[in-house]
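As a plain string of letters, each chain reads:
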Amino acid sequence: MTPARQIHLVRRPDGVPVADDFAVVDVDVPDAGDGEVQIQNLLMSVDPYMRPRLTADQPLNVAMIGGGIGRVVQSRNPKFAEGALVRHGAGMQERFISDGKSLQALSPDPALPLSVYMHALGGTGITAYGGLLEVGALKDGEQVFVSTAGGAVGSVVAQIAKIKGCYVVGSTGADDKAAWLKDEAGLDAVINYKVQPLKTALAEAMPKGIDVYFENVGGSHLDAVLPRMNVRGRIPVCGMISTYNGGGEGVRNLSSLIYSRVRMEGFVASDFPYLQGRFVEDMTGWLKDGRIKYQETILEGFERAPEGLIGLFSGLNSGKMLIRVAD
């Protein structure tokens, strides 16, 4: 047996989660049996999608959902050598036992930091890549608007659109994030929706209308965008963070979908397994040649996972929020 810890949801949140909704629980992890491996977590991801699941289907008093990168520390499975790196969806556990079926072997490029395989070259990246290029059916040179463009997904979306020769505008709620998007990521314009009226700012920044709106927010963002969509525009819906903690703002301009023949379609990262090879090749190249830049917020220590999740809703993170469990 090896002592370890898990993060449990112990109370369903009412609105924005708070620290008392979670607990750090000591457990004993057994040694790997025949056909099994024991994994030590190295990096864990916290993401906005987790919030609605805290209300809907995350069981209480068990390890919380989530993905990560781990190292095989014990192996009785011939497919995984001790010391190998793997991607997993085993949730918020310092160590765990797996039969290997849900693990994905990871051979990171030595020229890139391991952390990028948790965002630009991980689930975040394929979400951005597939959502924009497949669901959004992006064409070179189009007019693109990205909400929460300073976030892990939005920042990658915006930069892919720039690589494709598009005119790209993003929204964010902080001046420092707006500056990074303009100066480092190369967006054509950035709207701080907390200080600029969104409808007016969109009209000024996007006089040619919007061909693709990459939706992460919903509510007032969606309402402001709909009348500015061009004919045959597309709205890939990645998230609606404005609704995740309850409440949310109404949308009054849905009729614009009809008259502008706009297609609005939701999706999730697992929709794109057929893109994986092309995505890895493209994204690796873009990262290495500096065409995709990124920000990370890494909290040190397993027990800080609840803090990281709560912080997503107060703007604690710049780019991807990660928890470093071990080196």
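Quantities reported herein were computed from a predicted structural model and do not represent experimental measurements.

**Q** Can you walk me through the pairing of strand β6 (residues 95-98) in this structure?
**A** Each regular strand carries side chains that alternate between the two faces of the sheet. The alternating pattern of β6 places Phe96 and Ser98 on a buried face and Arg95 and Ile97 on a face that is not buried. As defined by bridge partners, strand β3 (residues 37-45) adjoins β6 across four bridges and the pair is classed as antiparallel. Bridge assignment links glutamine 40 to a residue of β6, and that residue is arginine 95.

**Q** I would appreciate a short explanation of the packing of helix α2 (residues 123-135) against helix α3 (residues 152-163) in the present structure.
**A** Angle between the axes and distance between the axes: these two values describe a pair of packed helices. Where α2 contacts α3, the axes come no closer than 9 Å and their chain directions differ by 50°. Overall, the two elements α2 and α3 adopt an arrangement that is oblique. Note on packing geometry: the crossing formed by α2 with α3 is right-handed. Where α2 approaches α3, its residues Thr124, Thr127, Ala128, Tyr129, Leu132 and Leu133 are matched on the opposing element by Ala152, Val153, Val156, Val157, Ile160 and Ala161. Here the residues of the contact of α2 with α3 are counted per class, giving 10 nonpolar, two polar and no charged.

**Q** Can you walk me through the pattern of salt bridges in this structure?
**A** Where charged atoms of side chains with opposite charge meet at close range, the side chains can pair. Per the stated rule, a full pass over the model turns up 15 salt bridges. Here lysine 288 makes a salt bridge to aspartate 109, at a shortest N to O gap of 2.6 Å. Placement of lysine 288 in helix α8 (residues 276-288) and of aspartate 109 in the loop between β7 (104-106) and α2 is noted, with a sequence separation of 179 residues between them. Under the relative-accessibility criterion, lysine 288 is labelled partly exposed at 48%. Salt bridges sharing partners connect three or more residues here, namely Arg5, Glu94 and Glu303.

**Q** Honestly, helix α5 (residues 198-205) in this entry has me stumped. Any pointers?
**A** The periodicity of an α-helix, 3.6 residues per turn, causes residues three or four positions apart to be oriented the same way. Among all positions in α5, only Leu198, Ala201, Leu202 and Ala205 are buried. The buried side chains of α5 occupy one side of the element, clustering within an arc of 100° when seen end-on. Buried residues in α5 make contact with β8 (143-146), β9 (167-172), β10 (189-192), β11 (210-214) and α6 (219-225).

**Q** Any chance you could explain the sheet that holds β8 here in plain terms?
**A** Strand pairing in a sheet relies on backbone hydrogen bonds, with the paired strands running either antiparallel or parallel. Strand order in the open sheet formed by six strands is β10-β9-β8-β11-β12-β13, and the pairing between neighbours is parallel. At either margin of the open sheet sits one strand with a lone partner, and together these are β10 and β13 (263-266). Adjacent strand axes in the sheet meet at a mean angle of 15°, parallel and antiparallel pairs treated alike. Here four bridges tie β9 to β10, and the two strands are oriented parallel to one another. Bridge pairing in β10 links valine 169 to alanine 189. Along the sheet face, α3 touches β8, β9 and β11 and points at about 170° away from the line of β8. Where helix α4 (residues 175-183) meets the sheet, its contacts fall on β9 and β10, and the angle it forms with β10 comes to roughly 170°.

**Q** What is the right way to read the pairing of strand β4 (residues 68-75) from this model?
**A** With seven bridges joining them, β3 and β4 adopt antiparallel strand pairing. In the sheet register, glutamine 38 faces β4, and the bridge partner there is glutamine 74. The sheet contact formed by β4 and strand β5 (residues 85-88) spans four bridges and is antiparallel. If you follow glycine 70 over to β5, its bridge partner there is valine 86.

**Q** I would appreciate a short explanation of the packing of α2 against α8 in the present structure.
**A** Axis separation between α2 and α8 bottoms out at 11 Å; the angle between their running directions is 110°. Of the possible angle classes, the one that applies to α2 and α8 is roughly perpendicular. Residues Gly125, Ile126, Tyr129 and Glu134 of α2 pack against Gln276, Arg278, Phe279, Asp282 and Trp286 of α8. Grouping the amino acids of the contact of α2 with α8 by side-chain chemistry returns four nonpolar, two polar and three charged.

**Q** Looking at this structure, I do not really get the side chain of aspartate 47. What am I missing?
**A** Position of aspartate 47 among the secondary structure elements: in the loop between β3 and α1 (50-56). Exposure remark for aspartate 47: the relative accessible area of 14% places this residue in the buried category. Here the side chain of aspartate 47 touches serine 45 through a polar contact of 2.5 Å, side chain to side chain. Separated by 2.3 Å, the side chains of aspartate 47 and lysine 320 make a polar contact.

**Q** Help me understand the nonpolar core in this model?
**A** If you look at soluble globular proteins, the nonpolar side chains tend to sit buried side by side. Core analysis: the largest hydrophobic core is formed by 47 residues, its most contacted members being Leu132, Ile160 and Met283. Where this core is concerned, the elements lending two or more residues are β3, α2, β8, α3, α4, β11 and α8. Ignoring any residue separated from it by four or fewer positions in sequence, one finds methionine 283 in contact with Ala120, Leu121, Val156, Ile160 and Ile292. Core analysis: the second largest hydrophobic core is formed by 20 residues, Val169, Ala189, Ile191 and Val237 among them.

**Q** What is the right way to look at the side chain of arginine 234 in this model?
**A** Structurally, the position occupied by arginine 234 is in strand β12 (residues 229-237). Using a relative accessible area of 7% as the deciding quantity, one classes arginine 234 as buried. Of the polar contacts made by the side chain of arginine 234, one reaches the backbone oxygen of alanine 137; its length is 3.0 Å. A distance of 3.2 Å separates the side chain of arginine 234 from the backbone oxygen of arginine 232, its partner in a polar contact. If we ignore the near neighbours within four places in the chain, the residues touching arginine 234 are Val135, Gly136, Ala137, Leu138, Lys139, Glu142, Asp211, Val212, Tyr213, Met229, Val262 and Arg263.

Rules used throughout
Residues numbered from 1 in each chain as written. Predicted model: local features only at pLDDT ≥ 70, side-chain atom pairs only at ≥ 80, totals over all residues. Heavy atoms only, no water. Buried < 20%, exposed > 50% of the residue type's maximum accessible area, 1.4 Å probe, protein only. Helix = DSSP H or I, 4+ residues; strand = E, 2+ residues; numbered from the N terminus. Pairing = 2+ DSSP bridges. Axes fitted to C-alpha atoms, helices over the stretch in contact; angles between N-to-C directions. Parallel < 35°, antiparallel > 145°, perpendicular 65-115°, else oblique. Left-handed = near helix turned anticlockwise from the far one by under 90°. Contact = heavy atoms within 4.5 Å. Nonpolar A, V, L, I, M, F, W, Y, C, P; charged D, E, K, R; others polar. Salt bridge = Lys/Arg side-chain N within 4 Å of Asp/Glu carboxyl O. Arc of directions from axis to C-beta. Polar contact = N/O pair within 3.5 Å; in protein donor to acceptor, adjacent residues only side chain to side chain. Core = buried A, V, L, I, M, F, W, Y, C linked by side-chain atoms within 4.5 Å.

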